[in-house]
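Per-entry structural report
These are the residues of each chain, in order.
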Amino acid sequence: MTEEPTTDEQLAPRPGAEQAELAAEIRAERKRVTGGTPDDAHDVIIELDNVDVYYGDFHAVDSVTIPVREKEITAFIGPSGCGKSTVLRSINRMNDLIESARVEGRIAYHGVDLYGSGVDPVEVRRHIGMVFQKPNPFPKSIYDNIAFGPKIAGFKGDMDDLVESSLQRAALWDEVKDKLDESAFALSGGQQQRLCIARAIATSPDVLLMDEPASALDPIATLRIEDLMYELKQEYTIIIVTHNMQQAARVSDRTAFFSVDVNEGKRTGRLVEFTETAKLFTDPAEQETEDYITGRFG
Amino acid sequence: MVDTHDLPQHNNIQTDLRHHYDDELEEIRTELVEFGTMVLTNVRHAGEVVTESILDQIDDVRQADKPINARYKALETKVFEILALQQPVARDLRFLVASTRILYELERSGDLAVNLVKQLDRLDGLPSDQQIRSMLAQLSQSAAKTFALGVEAIATMDPEIGIGAEAADEETDDLTADLYRLVTERQESLGLETSVALFRMGRFFERIADHGVNIAEDITFVATGAFPNED
Ligand SMILES: Nc1ncnc2c1ncn2[C@@H]1O[C@H](COP(=O)(O)OP(=O)(O)OP(=O)(O)O)[C@@H](O)[C@H]1O
Ligand SMILES: [Mg+2]
């Protein structure tokens, strides 16, 4: 092209404080406009290193390595059965609840091996919360849905404050503040899902796992959840499993694409590509990724 | 614990839907080649009219630009519709975005062909200076050749053409510089109006070649995800 696009090099501070300032301003502006492109300044908070998951003899997921960065949204996409939920559940040891499930390899959280001998899975789940596909509030009041977890965990602070701030963060407060005593089931599906997000953050986790959190919601409620995720990533690290590729493209900073190999009738999932979302959806490195995201299968 | 392994498969439907999408994309590409050929034909014709001073064909070049403009609008609408309705990604997205740029480059080249013959019209014929005429003829050939690279790139989707295009364009640049020099030298005998018209012709030929280079480079971007000389 005759006109070169702006490159980082061009933005690199040249001698002179003014240019340096200008470059910083341009970068900040670009970050604002793009909603903050992922940069490697964010530390790795969760590290999946050669993770294999088995259900009994069945090798469900083969050798997955993904560094998850703090305060980013990482999306898992891929065809049904490739092991997205399986990998997600292994991150907060939800797989412990499935008797046949076994995890090999290393999953570290802030450098600590989550499957190490001294680690309490209940404690893990307090730091790494989970939101499910179908909104699953408890058959209790809106207030109690939020207060339940912290109460069990021995929360000693002001419960009213905690309930309010959790609902605020989940962008639900304004809609429910006058009916906190009403049953959670009286809320719409989208509101219930935001309640579940509020419940998940009430125990002050720093990572949120979401397994298709919007697939049961209508388009507007879906966009509200996506918008909420965008707000939440200021404070939390989010990993989302989604079948909606446009959703992964819209909300996430990085995307992991999984595929599944069929061998003698056995289906084993594996990671095909993990990269910045903008790169994955404009110029994926693997043909397999391209075939999947463009809707063409090999 | 939710057991997800018996959820419905989501993928099968998509494959079928994409037949239509594939057809649409292929149609755009075929139409781009046709459109490019249409413009190339008029660019070549304009070059001939100008360098051989064929006054009675000036209007033919002008008329031929009308269907070019109409085709441009129709194709652009088609591309925007696919962008809006199909949520293209990866290579498909690069192709469609590049298509809008290529359409623009082609349409502009069509305008330049008209601008070329306008200069001839204004002069009421080319000066008889043989050296100038032969230099202009060479420039016209060279510009059309470079422009054709762009059309060839669309037809073949070959990224190599874009990688070599900038170098191929040097000849046109050199010839343009030569023409400028010669016209400057002979300014007095040519007269002001003729000199200006010749300068303009030189610039239009040069730009036509640039559009060809840009198109070829766009195709490199579609095929590889990066422009030539970009890391
Ligand atoms: N509780 C379980 N017991 C035994 N096998 C299981 C269990 N859960 C999942 N699997 C198997 O593990 C593989 C991966 O399943 P998983 O649910 O992780 O896939 P997924 O990518 O989340 O699929 P989907 O997109 O349909 O939710 C599948 O073959 C599935 O049948
Ligand atoms: Mg799943």
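Residues numbered from 1 in each chain as written. Chains lettered and ligands numbered in written order. Predicted model: local features only at pLDDT ≥ 70, side-chain atom pairs only at ≥ 80, totals over all residues. Heavy atoms only, no water.

1. Quick notes on the overall build of chain B
Where we set the bar: Numbering of helices and strands runs from the N terminus; a helix is a DSSP stretch of H or I covering at least four residues, while a strand is a stretch of E covering at least two. Here's how the labels work: a residue is buried when its accessible area is under 20% of the maximum for its type, exposed when over 50%, partly exposed in between, all with a 1.4 Å probe on protein chains only. Whether two residues touch is decided by their heavy atoms; if any such pair falls within 4.5 Å, the residues are in contact.
Helices and strands together make up the secondary structure of chain B, namely 8 helices and 0 strands. Listing each helix as α and each strand as β along chain B from the N terminus yields α-α-α-α-α-α-α-α. The proportion of buried residues among the 231 residues of chain B is 48%. Residue pairs at least 24 apart in sequence account for 83% of intrachain contacts in chain B once pairs closer than 6 positions are excluded.

2. Quick word on the pattern of salt bridges
Here is the rule: The salt bridge criterion pairs a side-chain nitrogen of Lys or Arg with a carboxyl oxygen of Asp or Glu, the two atoms within 4 Å.
Counted under the stated rule, the structure contains 27 salt bridges over all chains. Salt-bridge contacts for Arg270 of chain A lead to Asp261 of chain A; the nearest nitrogen and oxygen are separated by 2.6 Å. Given a relative accessible area of 33%, Asp261 of chain A falls into the partly exposed group. Salt-bridge contacts for Asp283 of chain A lead to Arg94 of chain B; the nearest nitrogen and oxygen are separated by 3.4 Å. Taken together, the residues span two chains, with Asp283 of chain A in the loop between helix H11 (277-282) and helix H12 (287-293) and Arg94 of chain B in helix H3 (residues 90-123). Each of Glu27, Glu31, Glu34, Arg71 and Lys78 of chain B takes part in a single network of salt bridges with overlapping partners.

3. Remarks on the confidence of the model for chain B
Residues and elements named next belong to chain B. The criterion, for reference: You can read pLDDT as the predictor saying how much it trusts each residue, on a scale of 0 to 100.
Averaged over every residue, the pLDDT of chain B is 91; residues scoring 70 or more account for 92%. Note on residues 1-16: pLDDT under 50 across the span, and 22 contacts to partners over four residues away in sequence or across chains. Across the predicted assembly, pTM comes out at 0.80 and ipTM at 0.72.

4. Quick look at the packing of helix H6 (residues 170-185) of chain B against helix H8 (residues 192-224) of chain B
Residue and element names in this part refer to chain B. Note the cut-off: All axes here are fitted lines through C-alpha atoms, helices being fitted over the stretch that makes contact, and every angle between N-to-C directions spans 0 to 180 degrees. Any angle between 65 and 115 degrees counts as roughly perpendicular, while under 35 counts as roughly parallel, over 145 as roughly antiparallel, and the rest as oblique. For this classification, the nonpolar set comprises Ala, Val, Leu, Ile, Met, Phe, Trp, Tyr, Cys and Pro, the charged set comprises Asp, Glu, Lys and Arg, and every other residue, Gly included, is treated as polar.
The N-to-C vectors of H6 and H8 enclose an angle of 175°; their axes lie 10 Å apart at closest approach. If you check the angle between H6 and H8, you find them roughly antiparallel. In this structure, H6 contributes Thr172, Asp173, Thr176, Leu179, Tyr180, Val183 and Thr184 to the contact, and H8 contributes Ser195, Leu198, Phe199, Gly202, Arg203, Phe205, Glu206 and Ala209. Residues of the contact of H6 with H8, tallied by class, amount to 7 nonpolar, 5 polar and 3 charged.

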